[in-house]
There are 2 protein chains.
Amino acid sequence: MIKNQALFHKPLKILTYFKRSHSVRKHSMHKHMRLFTPGPTPIFPLAQKAMSSPILYHRSKAFVELLSGVREGLKKLVGTRNEVLILSSSGTGAMEAAILNLCSPGDEVLVIRAGKFGGRWAQIVKAHALTVRILDIPLGEVPTIAQVKTLMMQYPNAKALLIQACETSTGVNFPVSEIAALTKKSDLLLVVDAVSYLGVSPFYMDNWGVDVMVSASQKGLMLPPGLSFVCFNEKAWAAQKKSKLTKYYFDLAKERKAIENNQTAYTSSVTLIQGLAVVLSYVHEIGMQTLFSTIHQKAQALRNAVQTLGLDLFAKVPSDGLVSIAVPHKIDGTKIVTKLRDEYSMTIAGGQDELKGKIIRIACMGYVQSEDLILLFEALEKVLVELGLKITVGQSVSVLKKEWSL
Amino acid sequence: MIKNQALFHKPLKILTYFKRSHSVRKHSMHKHMRLFTPGPTPIFPLAQKAMSSPILYHRSKAFVELLSGVREGLKKLVGTRNEVLILSSSGTGAMEAAILNLCSPGDEVLVIRAGKFGGRWAQIVKAHALTVRILDIPLGEVPTIAQVKTLMMQYPNAKALLIQACETSTGVNFPVSEIAALTKKSDLLLVVDAVSYLGVSPFYMDNWGVDVMVSASQKGLMLPPGLSFVCFNEKAWAAQKKSKLTKYYFDLAKERKAIENNQTAYTSSVTLIQGLAVVLSYVHEIGMQTLFSTIHQKAQALRNAVQTLGLDLFAKVPSDGLVSIAVPHKIDGTKIVTKLRDEYSMTIAGGQDELKGKIIRIACMGYVQSEDLILLFEALEKVLVELGLKITVGQSVSVLKKEWSL
């Protein structure tokens, strides 16, 4: 029997699960895996520190005061006077929460599907046995305003229109403000998935007339996954009161009441919120516009570098959160991802589902460092040559170094 | 315009939201708030370190290997051959997930309500418009086996029986294995909330015949809140296939498929799982029995100390996760909590709802240190005297010091 007070001081000879995992061991001890995936993105170091500070009791005065600041900071970021609710779930949980709180059995819901996450909207709607009307957009493209108008006219009784601000699977940005200009004149509720958009580019929920925004912590907000956000405007809250889909954990009326007291309805993900406080504090100190224009310039430089290599951008209306690159037909894109991982310890994302092998995706949002992006392009050039592509080695790296004076 | 690469290196002159919060400032810089709440409990330092390590990509080989170890470690802790699913939510989310995956509209569900969390079971069942049959147990007590038998006979067509392993609001342990001995001979599904029980005392899901177990990260597992766990046995999975309540994020069939590939269905709470790997690794290295008997001895010493002061234990069948103390009638228990917080920087929990002011609760599960518990009892004695109670100062502290050879 180990003595009571000594129990947790016993030196750890074997960390079984860490030992078992070769990659994890390599990762933790020998080599730092550089992360360029469009979520999770690298963690903001000061937030890391806050998340490692002694955990607060979620019903304490200290936490209530912290959450009061977070609440204000989130509203500013979302561009709204409405409450931004904080859930403990992935972004998908927040997407479902939006549907559960707007709809009733029998409702008809419109989805514009321009990729995997549009597909997720459709799945959620179907899972709750609602009627879904899908407008499919070719991958890499976004809907035109004329298409949205037609869709709305075709289904005048629809309850909600579900879109992405950024469709992470292809790297495009939807014309959110123009779509909102249409829906705000109607009874249709515009629900926007801003998971890989919030904290990347300006979002003006109230000015644009977006009815519902959902987002999450692990993209532009430079935090680990685990928090999600939902914001309803007055039109959406009116629908919430009438919504008849049953819910408990995702009952947003309860969350609204809680946040008005600087609380969450159930045990808050306290450490992540400690980190969020630091990120928001930082973002508002440097100024949102500074953050957004910096990310924009970074993305623009990456897009120039890609084109210098003779490669095509996959996204027709590219997001600043990530750069998606069309892989030339003769190359298998999954090999680029694997080689970068195994030979250079760098993680980028490939294409998902039908885009598997056809595109690669590199994050420019969040805490991705310019210096690391230069290392990535040095490696990427080598990998492309190894895979048989004729490119002028050094060209993309020169573009980046020049843009960033590095 | 701040130069691109310099953006995140700008020194932070004002951390707005931290500055705003007096308590947080005090907490972070001047004084360490000692945490004795029955969730969140203090974080295991090695897990803290793992959570601060560079974040893994949730679709990477490294994460898959990590999750494979976690999966095995969780099964051992739960005492099951079934998969233990990992959700990103609070414990309440996991409770609702259980109901959503067992029930269909029209189902009748039995709840034994011995406190706030039994009440939560009832609320979840009602929220989904199912028929709930509640057996109310006086606060501080647990049901007898005869009462459970009667309940089962009274409602022979009920789908499930919902109980707590430990009712955190009062500090009692239910006779789970004896209740399971009844239900496993019937069609009734036994669903056990083990949120403040798992990692505290032995749980033998398969041997006992528990059908569904739910738990969470912020209690015995010494992690921040944000992860929850659900385990179904074969009887429960058979019910899952027939369940007709609609769900998406909490669709456990999808999570089961994912975990079989060492993944979660949606973006995993990666950093918390990094921490979980370390906790499980540690627990299995020292041995579960060592952990449980150490916590038991710690709890037993605290219970002795409480009785030495002439105070009554509130829980008739006390859990080892927390000690709940009945506050003498002439004293307002909320004052004890407030004084400990404001004058001694120590956070304990009071009673909730109708127990407000009537009990106080002190965690003995997780990473609560004996040395800190001694400091707490020194402070508690002083506070009780200040509030007019006649006790012999130093008596409870002596008991603890003797028990722990400190």
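What counts, and at which threshold
Residues numbered from 1 in each chain as written. Chains lettered and ligands numbered in written order. Predicted model: local features only at pLDDT ≥ 70, side-chain atom pairs only at ≥ 80, totals over all residues. Heavy atoms only, no water. Helix = DSSP H or I, 4+ residues; strand = E, 2+ residues; numbered from the N terminus. Rg over C-alpha atoms; globule rule 2.2 N^0.38 Å. Buried < 20%, exposed > 50% of the residue type's maximum accessible area, 1.4 Å probe, protein only. Contact = heavy atoms within 4.5 Å. Areas by Shrake-Rupley, 256 points an atom, 1.4 Å probe, with all protein chains shown as cover. Lys, Arg positive; Asp, Glu negative; His and termini not counted. Charge placed at Lys NZ, Arg CZ, Asp CG, Glu CD. Salt bridge = Lys/Arg side-chain N within 4 Å of Asp/Glu carboxyl O. Pairing = 2+ DSSP bridges. Axes fitted to C-alpha atoms, helices over the stretch in contact; angles between N-to-C directions. Expected span 1.5 Å × (residues − 1). Domains from an automatic or database assignment. Buried area = accessible area lost by both parts, 1.4 Å probe. Polar contact = N/O pair within 3.5 Å; in protein donor to acceptor, adjacent residues only side chain to side chain. Nonpolar A, V, L, I, M, F, W, Y, C, P; charged D, E, K, R; others polar. Core = buried A, V, L, I, M, F, W, Y, C linked by side-chain atoms within 4.5 Å. Phe/Tyr/Trp six-rings, centres within 6.5 Å; stacked < 30°, edge-to-face > 60°. Lys NZ or Arg CZ within 6 Å of the ring centre and 35° of its normal. Left-handed = near helix turned anticlockwise from the far one by under 90°.

(A) Region of the structure containing the overall build of chain A. Scanning chain A for helices and strands turns up 16 helices and 15 strands. By the compact-globule yardstick of 22 Å for 406 residues, chain A fits well, its C-alpha radius of gyration being 22 Å. When burial is assessed residue by residue, chain A has 65% of its 406 residues classed as buried. Contacts in chain A between residues at least 24 apart in sequence constitute 71% of all its contacts with a sequence separation of at least 6. If you sum the accessible surface of chain A, you get close to 14,500 Å²; carbon and sulfur atoms cover 52% of it. Of note, chain A has its 48 positive side-chain charges centred 6 Å away from the centre of its 32 negative side-chain charges.

(B) Quick peek at the pattern of salt bridges. Tallied over the entire structure, the rule returns 30 salt bridges over all chains. The residue Lys75(A) makes a salt bridge to Glu83(A) at a minimum N-O spacing of 3.5 Å. For the pair formed by Lys75(A) and Glu83(A), the shared burial category is buried. For the salt bridge of Glu378(B) with Lys401(B), the shortest nitrogen-to-oxygen distance reads 3.9 Å. Taken together, the residues span a long stretch of sequence, with Glu378(B) in helix H15 (residues 370-386) and Lys401(B) in helix H16 (residues 395-404) at a distance of 23 residues. According to the relative accessible area criterion, Lys401(B) is partly exposed, its value standing at 35%.

(C) Region of interest: the sheet that holds strand E9 (residues 212-216) of chain B. All names here are of chain B. With respect to topology, 7 strands assemble into an open sheet ordered E2-E10-E9-E8-E5-E3-E4, the strand pairing being mixed. What marks the edges here is a single partner per strand, and that holds for strand E2 (84-88) and strand E4 (131-136). Direction aside, neighbouring strands of the sheet carry axes that sit 20° apart on average. As paired strands, strand E8 (residues 189-193) and E9 are joined by 3 bridges and run parallel to one another. Counted as the bridge partner of Asp193 is Val214 from E9. The strands touched by helix H7 (residues 145-154) are strand E3 (108-113), E4 and strand E5 (160-164); relative to E3, the strand with the most contacts, the crossing angle is about 160°.

(D) The arrangement of helix H6 (residues 116-127) of chain A in detail. Residues and elements named next belong to chain A. Counted at 1.5 Å a residue, the expected span for H6 with its 12 residues is 16 Å, and the 16 Å between its end C-alpha atoms agrees. Of the residues making up H6, those classed as buried are Phe117, Gly118, Gly119, Arg120, Trp121, Ala122, Ile124 and Val125. One or two positions beyond H6, positive phi appears at Ala129, with a value near 60°.

(E) How the structure looks around the domain arrangement of chain A. Residue and element names in this part refer to chain A. When its domains are assigned, chain A resolves into domain 1 (22-38 + 287-404) and domain 2 (45-285). Its C-alpha centre places domain 1 at a distance of 28 Å from the equivalent point of domain 2. Counting the surface lost from both domain 1 and domain 2, the interface buries some 2,200 Å², and carbon and sulfur atoms represent 64% of this. On inspection of domain 1 and its partner domain 2, the count reaches 1 salt bridge. Of the charged contacts, one joins Lys116 and Asp353 as a salt bridge, the two residues approaching to 3.9 Å between their closest N and O atoms. Where domain 1 packs against domain 2, one counts 9 residue pairs in polar contact (both at pLDDT 80 or more). The set of elements that each furnish at least two residues to the side of domain 1 that touches domain 2 consists of helix H13 (288-308), strand E12 (322-326) and strand E15 (359-363). With 5 residues, the single largest contributor to the side of domain 1 that touches domain 2 is H13. Class assignment for the residues of the side of domain 1 that touches domain 2 results in 14 nonpolar, 7 polar and 5 charged.

(F) The sheet that holds strand E11 (residues 312-313) of chain A, seen in detail. All names here are of chain A. Pairing is antiparallel across the open sheet formed by 4 strands, whose spatial order is E11-E12-E15-E14. With one partner strand each, in any of the chains shown, E11 and strand E14 (349-350) form the two edges of the open sheet. Where E12 and E15 come together, 5 bridges link them in antiparallel fashion. Along E15, the bridge assignment pairs Val323 with Ile362.

(G) Layout of the nonpolar core. Membership of the largest hydrophobic core comes to 230 residues, with the highest contact counts inside it found for Phe203(A) and Phe203(B). The contact partners of Phe203(A), leaving out residues within four places of it in the chain, are Leu77(A), Val78(A), Gly79(A), Val192(A), Ala194(A), Tyr197(A), Leu198(A), Trp208(A), Val210(A) and Met213(A).

(H) Local environment of the packing of aromatic side chains. Counted according to the given criterion, the structure contains 21 aromatic pairs over all chains. For the ring pair Phe232(A) and Trp237(A), a centre distance of 5.1 Å and an interplane angle of 45° mean the geometry is tilted. Judged by centre distance (5.7 Å) and plane angle (85°), the rings of Tyr204(B) and Trp208(B) are edge-to-face. Its relative accessible area of 34% is what places Tyr204(B) among the partly exposed residues. Of the aromatic side chains, those joined through ring pairs into one cluster are Tyr248(A), Tyr249(A), Phe250(A), Tyr266(A), Tyr248(B), Tyr249(B), Phe250(B) and Tyr266(B). The aromatic ring of Tyr248(A) is capped on one face by Lys254(A), whose charged end is 3.5 Å from the ring centroid.

(I) Broad picture of the environment of Leu190(B). All names here are of chain B. In this structure, Leu190 sits in strand E8. In the structure, Leu190 is positioned 21 residues away from Asp211 in sequence and 5.2 Å away in space, judged by C-alpha atoms. Residues in contact with Leu190, not counting those within four places in the same chain, are Leu161, Ile163, Val176, Ile179, Ala180, Thr183, Val210, Asp211 and Val212.

(J) Region of the structure containing unusual backbone geometry. For the bond from Gly39(A) to Pro40(A), the omega torsion is -10°, close enough to zero to count as cis. Counting through the fold element by element, Pro40(A) comes out in the loop between strand E1 (34-35) and helix H3 (45-52). Even without a glycine there, the phi angle at Asp353(A) is positive, about 50°. In this fold, Asp353(A) is placed in the loop between E14 and E15. For Asp353(A), a relative accessible area of 55% corresponds to the exposed category. Located in the positive-phi region is Asn262(B), a residue other than glycine, with phi close to 55°. With respect to the element layout, Asn262(B) can be found in the loop between helix H11 (252-260) and helix H12 (270-286). A relative accessible area of 14% means that Asn262(B) is categorised as buried.

(K) Looking closely at the side chain of Glu83(A). All names here are of chain A. Note on placement: Glu83 falls in the loop between helix H4 (61-78) and strand E2 (84-88). Polar side-chain contacts of Glu83 include one of 2.7 Å to the side chain of Arg71. In contact with Glu83, other than residues within four places in its own chain, are Arg71, Lys75, Val230, Cys231, Phe232, Ile259 and Glu260.

(L) Layout of the packing of helix H3 (residues 45-52) of chain B against H12(B). All names here are of chain B. Remark: H3 packs on H12, axes separated minimally by 8 Å, with the N-to-C direction vectors making an angle of 145°. As H3 packs across H12, the resulting crossing turns out to be right-handed. On H12, the residues touching Leu46, Ala47, Ala50 and Met51 of H3 are Thr271, Leu272, Gln274, Gly275, Val278 and Val279. Grouping the constituent residues of the contact of H3 with H12 by class yields 7 nonpolar, 3 polar and no charged.

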